[in-house]
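So the chains spell out like this:
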Amino acid sequence: MTIDWNAFTPISALAGGVLIGVASALLLALNGRIAGISGILGGLIDRTAGETGWRLAFILGLLIGPALWLLFATLPAIEIRADYPVLVAAGLLVGIGTRYGSGCTSGHGVCGLSRLSPRSLVATLMFMGAGFATVFVVRHLLGA
Amino acid sequence: MKKTLLTAFIAGLVFGLGLLVSGLANPAKVLAFLDLAGVWDPSLALVMIGAIAVGLPVFYLAKGRDLSVLGEQMKLPTSTDIDRPLVIGGLLFGIGWGLAGFCPGPAIVATGAGELKAIVFTVAMLSGMGIFHLLNRPKTGGRGRPA
């Protein structure tokens, strides 16, 4: 394994992680809800009674984040190399997979691990493992 | 406006800023993290560590409480099953994540930044969730699955 020290950004990664943790803590302490993005989106699609308002408000906050950022600084790079067919296939997999597995990086990864949930640990190992394996296949076996 | 709408909005906003600051909103950086066999960028492991360091004590304090600070019913996941949907769903999600470098939160943030490719991914992701919803009826509290 070779570490890309030039690309390594430990300070911003930790700081961003702390912000994500603070946001999850706020939603838990004030609203009594889990900041799981796929659960929030899926809940909007399922239209669970009485849960739509806060979910829309949270998603609106996520959407407006970049605009707020732009008031003070230029946006950090968002580099999307995948082409459109891959994006569509990946999007479908992420949508179906996160709903079938009841969570994603935020719900299982951040909140579930913070709750010390064995169920979320298994889910996190599954999607991390599949993510590592997929990139290995795409980049090193298929050479894309 | 209800207080809980404002707090959910602020939580979403802070979450989104965290994704931007951390680099998780950038698929190229996510894929560099997932590429163990290439020149590896370990940064995103620190995102998880930072988030969980804050989350651990707060979730510990919240455990066993019935009401939130604002008097809302606490809704924490109750399932502890390690079952097939959990494993297969996690694997499918991981494949999609490894293909595009997007998980749900960053896709929404990048959509908010007006990135056309992120919008396409997000529409496909929401379609996937819609397909799951249709296949999974009658639903059981939004987290249901076939018995």
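These numbers were taken from a predicted model, which means no experiment stands behind them.

**Section: helix 2 (residues 37–46) of chain A**
Reasoning step 1: Summarising burial for helix 2 of chain A: 8 of the 10 residues are buried, a large majority.
Reasoning step 2: Among all positions of helix 2 of chain A, only I37, S38, G39, I40, L41, G42, G43 and D46 of chain A are buried.
Reasoning step 3: Structurally, helix 2 of chain A contributes buried residues whose contacts are with helix 3 (52–70), helix 4 (84–100) and helix 5 (105–114) of chain A together with helix 1 (3–22), helix 5 (104–112) and helix 6 (116–135) of chain B.
Reasoning step 4: Immediately downstream of helix 2 of chain A, the backbone of R47 of chain A shows phi near 55°, a positive value.

**Points about the domain arrangement of chain B**
Residue and element names in this part refer to chain B.
Reasoning step 1: Split by domain assignment, chain B resolves into domain 1 (1–76) and domain 2 (80–147).
Reasoning step 2: A straight line from the C-alpha centre of domain 1 to that of domain 2 covers 17 Å.
Reasoning step 3: Counting residues at the interface gives 9 residues for domain 1 and 8 residues for domain 2.
Reasoning step 4: The interface formed by domain 1 and domain 2 includes 0 salt bridges.

**Some remarks on a nonpolar patch on the surface**
Reasoning step 1: A cluster of nonpolar side chains, contributed by Y84 of chain A together with L116, I119 and V123 of chain B, occupies part of the molecular surface with about 350 Å² of accessible area.
Reasoning step 2: Note that Y84 of chain A resides in helix 4.

**Some words on the UniProt feature "transmembrane region" (unreviewed entry) in chain B**
Residue and element names in this part refer to chain B.
Reasoning step 1: UniProt's entry tags residues 43–64, 85–110 and 116–135 with the feature "transmembrane region" (unreviewed entry), counted in the numbering of this structure.
Reasoning step 2: Helix makes up 88% of residues 85–110 and strand 0%, and the two end C-alpha atoms of the span are 28 Å apart.
Reasoning step 3: Spanning residues 116–135, this segment combines 100% helix with 0% strand, and its end C-alpha atoms are found 29 Å apart.

Calculation rules
Residues numbered from 1 in each chain as written. Chains lettered and ligands numbered in written order. Predicted model: local features only at pLDDT ≥ 70, side-chain atom pairs only at ≥ 80, totals over all residues. Heavy atoms only, no water. Buried < 20%, exposed > 50% of the residue type's maximum accessible area, 1.4 Å probe, protein only. Helix = DSSP H or I, 4+ residues; strand = E, 2+ residues; numbered from the N terminus. Contact = heavy atoms within 4.5 Å. Domains from an automatic or database assignment. Salt bridge = Lys/Arg side-chain N within 4 Å of Asp/Glu carboxyl O. Patch = residues over 30% accessible without salt bridge, like charges linked within 9 Å, V, L, I, M, F, W, Y side chains within 5 Å. Areas by Shrake-Rupley, 256 points an atom, 1.4 Å probe, with all protein chains shown as cover. UniProt positions renumbered as here; feature names shortened; annotations may be inferred.

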